Amino acid sequence: RDRQIDPDERLCASPSRGMEAMLTLLQIGEPVDNPKVLVALEQVARAAGVAELGCSKEVGMLLYKLVTSPKGKALAEGHQQMLARRIGSGDVSRNMQFEAALTYLASTSAPAESELCAAAGVGVTISEGEVASAVSALVDSERADILEARYLTNAGLMLRKVLTGANAERLKWADPAMLKAALDGAIASLLGPKTAEDLDVKAARSALAAKKAAKGEAANGASSALKPKPASGSGDVAPLAEEASGAERKFRMPSENVGEPPYALNKPELLEAHLKATGGKVITRFPPEPNGYLHIGHAKAMNMNFGFARRAGGKTILRYDDTNPEAEEDEYFEMIDKEVKWLGHTYAEKTYSSTHFETLHKLAVKLIKSGDAYVCQQTPEQVKASRQLISEAHHAHGPVPDGAKSPWRDRPVAENLREFEHMRQGRVAEGEAFLRFKGDLSSSNPNQWDLSAYRVKFTHHPASGSGWCIYPTYDFTHCVIDSIENVTHSLCTLEFESRQAADGSYYWLLEKLGMYKPQTWEYARLNIAYTVLSKRRLNTLVMKKHVEGWDDPRLLTLAGLRRRGYSSETINKFCEQIGVTRADSVLTNYEVLEGVARNELDLCARRLMAVLSPLRVTITNLGAPVPVLARNHPKDDSMGTRELTLTETFYIDRSDFRLEDDPNYYGLAPGKEVGLKHAGFYIRCDEVVKGTDGYPTELRVSIDLNSSARAKREQPKGVLQWVPENNKTTLAEVRLYNHLFTVPNVGAEAEWLSCISPDSLERVHGALGEKAVLECKPGDRVQFERVGFFVCDKDSGEAGPVFNRIVGLKESKEKVVAAPAKKR
């Protein structure tokens, strides 16, 4: 009973209690239910000296990142504790210092405190005067451009120039807030207070664009942020921002990618050959797998890869990563090309991993001959068990047991060559053998634990046909083709971070093969609430018919978004707005995407009137029909007008009438007045005609034909849209799309399919619109006034137009369509 319990044992025995106490002490707001993470967290907290008394939230989050980020987890325990001590003392307090410290620790097996401090900028103090001096010098040199752009000056680009100019090695440790404040102050001092013209941002942007165009800069591409060049065949091309991403300040330029080990740097002769081949230009790549349709996460990746290369004056390669023929189809190849162009991106060339199959095979043979690969005949279950033993050995800080190694690991080279050739000849069954890297089992990085390089698949390949029955894995193909194509910056999402760490498989393989090494950088994948962006889960939804195909408007595939009515401009703007982060747990609100779409549509969508649940209205005192001239857009006269006629009978939406009024209700009620949109007249409900079920079937109203005289002194609270009897058409269907799932974080749900919302799609029949809706073609977007923004769907036909709701209006958030007119 009195036995002393080890901290590791205490936390593992009671993870919930340990979690609550530790997370409270460290002020970590994220839930953690992994006992091993809690053990590691307590160890670094003790090293930091904060395990008993607690710490600030900033210190706690850095310690949490130290034991949960791939680079942090890959560090040896002593390395982790060295950094933890510096975090606890306050020496390492910002993310930039933290990342620099991780990079240093990953590069050495024998770290020194002094070297760690130097690498992380510990003790470097940047005064306000030093910052002000650097900013002042830059503002002076950019004076003419700032005076021209005024408060539209690209502050992000200016900051980047400060951080890459003179004294860059010191200024990179400056407080970002101090830099930003100094720059804002210097610009304000130069320009003076904002004028009325500065405050009208839209007009100011147009004026600046006109100035630049007049100078001929647009033709030279200097102002492509304001006037983008369309890609050939891109169709609906969106503006592409030219502001430098903050992440790009972390990148080395191609000529700087040189040095001694760690693996991530090139030998001078390799870099020289690379620069000779590329002319020193930046080359990025967008490498989708052709195993499904692209989604909005791919749009973010394109925005990053194409955008960085374009801003740096380089190029981007579209590469099909076609190494898994079982899942690949011609349809997917074609759609990828279409979507890239639709988003407005222009690739320098289109390549295929399969083009390099022969080269990849020769390199695999080379790897075997150098003793760095072997043919293994373990089953998947045996591989999993051996990797578990290796993991346990590392956790216990002991040697890797012999039983954890593959029994074929020390096979003679000649035997490996023979077995690999048998695989190549089709003499080995699928799953019977595979080629593995012979990595470093003593490494704390699991990507050194003999990953798979080649496997047998008797599957016809869309590009190479039946020429191969062995196919390289992602881990073999990705880095090698990056090198072959002279990619300078390999930008991936964070799940690849440990692969691309200095001691990961990416650089290990290129080092073993003596090949050029690109720079790698990872960012967080896009996660959006109430939806899924995993290709595997999207494929399940499509193939199991939970949705109506890859272009179902409830999906955030690019095809689904386009059918929903989202433009490429909206998608690119959204990607720019959310930016690039390394915080992998961020869940973006769906409303952010809707807000970007709503802002764009408000400017460009033609206005029409429709009622989803029609209620007949009869004017008892109208007399002759009254002509009405309606504007197609309230702020854009260039969109013109249309003629309507107010007749004795028209229709309003059933949701705009109540039998009992309410002070907060703006619709029609017995004895109450409302206005009619565009007509300028007020009507009062005098009588309600009900059906046998008690529901109103008709309203009888009187109209005030002198409403204009009253308008100056009194106006009714509500103004309703209406559809005239003599100018109405029935809409074949109106589709109201809602969230596909009932929970925001779908990825956290094991039984995620059970979270599909039964109300994700409402089909409304019997809706009426003015006849101008018949002018809409599939893809045309309109605003049904007071209802929402809609797009004409490809299913429109002889039965009438079909409209999909793109997004609702802010003011109609609480509006509900009456149930009797809806069919689900």
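What you see is a predicted model; the values in this text were computed from it and never measured.

Q: An account of the overall build of the protein is needed here, citing residue identities and associated values.
A: The number of helices and strands found in the protein is 28 helices and 28 strands. If you sum the accessible surface of the protein, you get close to 37900 Å²; carbon and sulfur atoms cover 50% of it.

Q: Lay out the packing of aromatic side chains with the relevant residues and their values.
A: Going through the model one piece at a time under the given rule, you end up with 21 aromatic pairs. When the centroid spacing of 6.1 Å and the interplanar angle of 80 degrees are considered together, the rings of Tyr293 and Tyr332 count as edge-to-face. Here Tyr332 lies in helix 18 (residues 330–342) and Tyr293 lies in the loop between strand 1 (283–286) and helix 17 (296–311), a separation of 39 residues in the sequence. Each member of the pair, Tyr293 as well as Tyr332, carries the same accessibility label: buried. Taken together, the ring pairs connect Phe420, Phe437, Tyr454, Phe476 and Trp508 into an aromatic cluster.

Q: For the packing of helix 19 (residues 357–369) against helix 21 (residues 413–424), give the residues involved together with the corresponding values.
A: Put simply, helix 19 and helix 21 touch, their axes get as near as 9 Å, and they point 155 degrees apart. Taken together, the axis directions place helix 19 and helix 21 in an arrangement best described as roughly antiparallel. Crossing angle aside, the handedness with which helix 19 passes helix 21 is right-handed. Side by side, helix 19 and helix 21 meet where His361, Ala364, Val365, Ile368 and Lys369 of the first sit next to Val413, Asn416, Leu417, Phe420 and Arg424 of the second. Within the contact of helix 19 with helix 21, the residues separate by chemical class into six nonpolar, two polar and two charged.

Q: Can you lay out a negative patch on the surface for me, pointing to particular residues and giving the numbers?
A: Taken together, the side chains of Glu329, Asp330, Glu331 and Glu334 define an acidic patch exposed on the protein surface. Within the element layout of this structure, Glu334 appears in helix 18. The class of Glu334 is exposed, set by a relative accessible area of 57%.

Q: Quick rundown of the sheet that holds strand 2 (residues 315–320)? Include the residues and the values.
A: The sheet built from three strands is open, its strands ordered 1-2-3 with parallel pairing. For this open sheet the edge positions go to strand 1 and strand 3 (349–352), each flanked by a neighbour on one side alone. Strand after strand, the sheet turns through a mean of 30 degrees between neighbouring axes, direction not considered. Sheet topology note: the strand 1/strand 2 ladder contains four bridges and is parallel. Across the sheet, the residue bridging to Phe286 is Leu318, located in strand 2. Across the sheet, helix 17 touches strand 1 and strand 2, and the angle it forms with strand 1 is around 165 degrees.

Q: How would you summarise the side chain of Glu600 if you had to cite specific residues and measurements?
A: Mapping Glu600 onto the fold places it in helix 27 (residues 590–604). Within the structure, Glu600 has its side chain in polar contact with the side chain of Thr570 (distance 2.3 Å). With residues near it in sequence (within four places) discarded, Glu600 still touches Ser567, Glu569, Thr570 and Arg781.

Q: Describe the confidence of the model for the protein, and please don't skip the residues or the numbers.
A: Across the protein, the average pLDDT comes to 86, with 89% of residues at 70 or higher. Contacts for the low-pLDDT stretch residues 217–244, under 50 throughout, to residues beyond four places or in other chains number 57 contacts. Across residues 811–824 the pLDDT falls below 50, and counting only partners more than four positions away or on other chains, this stretch makes 29 contacts in the model.

Q: Lay out the environment of Leu774 in plain terms, naming residues and giving numbers.
A: Locating Leu774 in the fold gives a position in the loop between strand 24 (768–770) and strand 25 (781–784). Each C-alpha atom, one on Leu774 and one on Gly800, is 8.0 Å from the other, the two residues being 26 residues apart in sequence. If we skip the residues at most four places from it in the chain, Leu774 touches Thr729 and Pro801.

Q: Tell me what's going on with the sheet that holds strand 17 (residues 682–690), and back it up with residues and numbers.
A: Read across the sheet, seven strands follow the order 19-16-17-18-12-15-20 without closing on themselves; strand pairing throughout is mixed. Looking at the sheet topology across the chains shown, the edges are occupied by strand 19 (719–720) and strand 20 (723–724). In this structure, strand 16 (residues 673–676) lies alongside strand 19, joined through two bridges in parallel fashion. Pairing of Leu676 across the sheet is with Leu720, part of strand 19.

Q: Quick rundown of helix 19? Include the residues and the values.
A: End to end, helix 19 covers 19 Å across 13 residues, agreeing with the expected 18 Å (1.5 Å per residue, within 8%). For helix 19, every residue scored as buried is listed here: Phe357, Leu360, His361, Leu363, Ala364, Val365, Leu367 and Ile368. Gly371 occupies a position one or two residues after helix 19 and carries a positive phi of about 80 degrees.

Q: Please set out helix 13 (residues 176–191) residue by residue, giving values where relevant.
A: For helix 13, with 16 residues, the first-to-last C-alpha span of 22 Å sits near the 22 Å given by 1.5 Å per residue. Within the sequence span of helix 13, burial applies to Leu179, Leu183, Ile187 and Leu191. All buried residues of helix 13 fall inside an arc of 85 degrees around its axis, so they share one side. Facing away from the buried side of helix 13, by more than 90 degrees, are the exposed residues Ala177, Ala181 and Ser189. Following helix 13 by one or two positions, Gly192 has its phi on the positive side, about 80 degrees.

Q: Can you tell me about the nonpolar core, naming the residues and giving the values?
A: The biggest cluster of nonpolar side chains holds 44 residues, and the ones touching the most others in it are Ile296, Leu558 and Ile571. For this core, the element with the most residues is helix 17, which contributes eight residues. Excluding residues within four positions of it along the chain, Ile571 makes contact with Ile296, Ala299, Trp342, Leu343, Leu558 and Leu561. The next biggest cluster of nonpolar side chains, apart from the first, holds 34 residues, and it includes Phe420, Val480, Tyr507 and Trp508.

Q: Give a description of the pattern of salt bridges that names residues and reports values.
A: If you walk through the whole model with that rule in mind, you get 49 salt bridges. For Arg319, the salt bridge identified is with Asp482, shortest N-O distance 2.7 Å. With Arg319 in strand 2 and Asp482 in helix 22 (residues 474–484), this residue pair connects regions lying 163 residues apart in the sequence. Per residue, the accessibility class of Arg319 equals that of Asp482, and both read buried.

Q: Can you tell me about the pairing of strand 25, naming the residues and giving the values?
A: In the sheet, strand 10 (residues 606–608) pairs with strand 25 via three bridges, with the strands oriented parallel. Across the sheet, Leu608 pairs through a bridge with Phe784, a residue of strand 25. Looking at chain direction, strand 25 and strand 26 (residues 788–792) are connected through four bridges and run antiparallel. By the bridge assignment, Val782 is partnered in strand 26 with Phe790. Linkage of strand 25 to strand 26, two consecutive antiparallel strands, is achieved through a turn of three residues, within which Arg786 is found at a positive phi near 70 degrees.

Q: Can you break down the environment of Val592 residue by residue, with the values?
A: Along the chain, Val592 turns up in helix 27. C-alpha of Val592 to C-alpha of Phe574: the two residues are 18 residues apart in sequence and 7.6 Å apart in space.

Q: I'd like a description of the packing of helix 17 against helix 26 (residues 568–578), backed by residues and values.
A: Close contact between helix 17 and helix 26 brings their axes to 9 Å; oriented N to C, the two are set at 70 degrees. Taken together, helix 17 and helix 26 sit at an angle that is classed as roughly perpendicular. In the crossing of helix 17 with helix 26, the sense of the turn from one axis to the other is right-handed. In this structure, helix 17 contributes Ile296, Ala299, Lys300 and Asn303 to the contact, and helix 26 contributes Ile571, Asn572, Phe574, Cys575, Glu576 and Ile578. Counted by class, the contact of helix 17 with helix 26 contains six nonpolar, two polar and two charged residues.

Q: I'd like a description of the side chain of Glu339, backed by residues and values.
A: Along the chain, the position of Glu339 falls in helix 18. The residues contacting Glu339, other than those within four sequence positions of it, are Leu294, Leu558, Ala559 and Arg562.

Criteria and thresholds
- Residues numbered from 1 in each chain as written.
- Predicted model: local features only at pLDDT ≥ 70, side-chain atom pairs only at ≥ 80, totals over all residues.
- Heavy atoms only, no water.
- Helix = DSSP H or I, 4+ residues; strand = E, 2+ residues; numbered from the N terminus.
- Areas by Shrake-Rupley, 256 points an atom, 1.4 Å probe, with all protein chains shown as cover.
- Phe/Tyr/Trp six-rings, centres within 6.5 Å; stacked < 30°, edge-to-face > 60°.
- Buried < 20%, exposed > 50% of the residue type's maximum accessible area, 1.4 Å probe, protein only.
- Axes fitted to C-alpha atoms, helices over the stretch in contact; angles between N-to-C directions.
- Parallel < 35°, antiparallel > 145°, perpendicular 65-115°, else oblique.
- Left-handed = near helix turned anticlockwise from the far one by under 90°.
- Contact = heavy atoms within 4.5 Å.
- Nonpolar A, V, L, I, M, F, W, Y, C, P; charged D, E, K, R; others polar.
- Patch = residues over 30% accessible without salt bridge, like charges linked within 9 Å, V, L, I, M, F, W, Y side chains within 5 Å.
- Salt bridge = Lys/Arg side-chain N within 4 Å of Asp/Glu carboxyl O.
- Lys, Arg positive; Asp, Glu negative; His and termini not counted.
- Charge placed at Lys NZ, Arg CZ, Asp CG, Glu CD.
- Pairing = 2+ DSSP bridges.
- Polar contact = N/O pair within 3.5 Å; in protein donor to acceptor, adjacent residues only side chain to side chain.
- pLDDT = per-residue confidence, 0-100.
- Expected span 1.5 Å × (residues − 1).
- Arc of directions from axis to C-beta.
- Core = buried A, V, L, I, M, F, W, Y, C linked by side-chain atoms within 4.5 Å.

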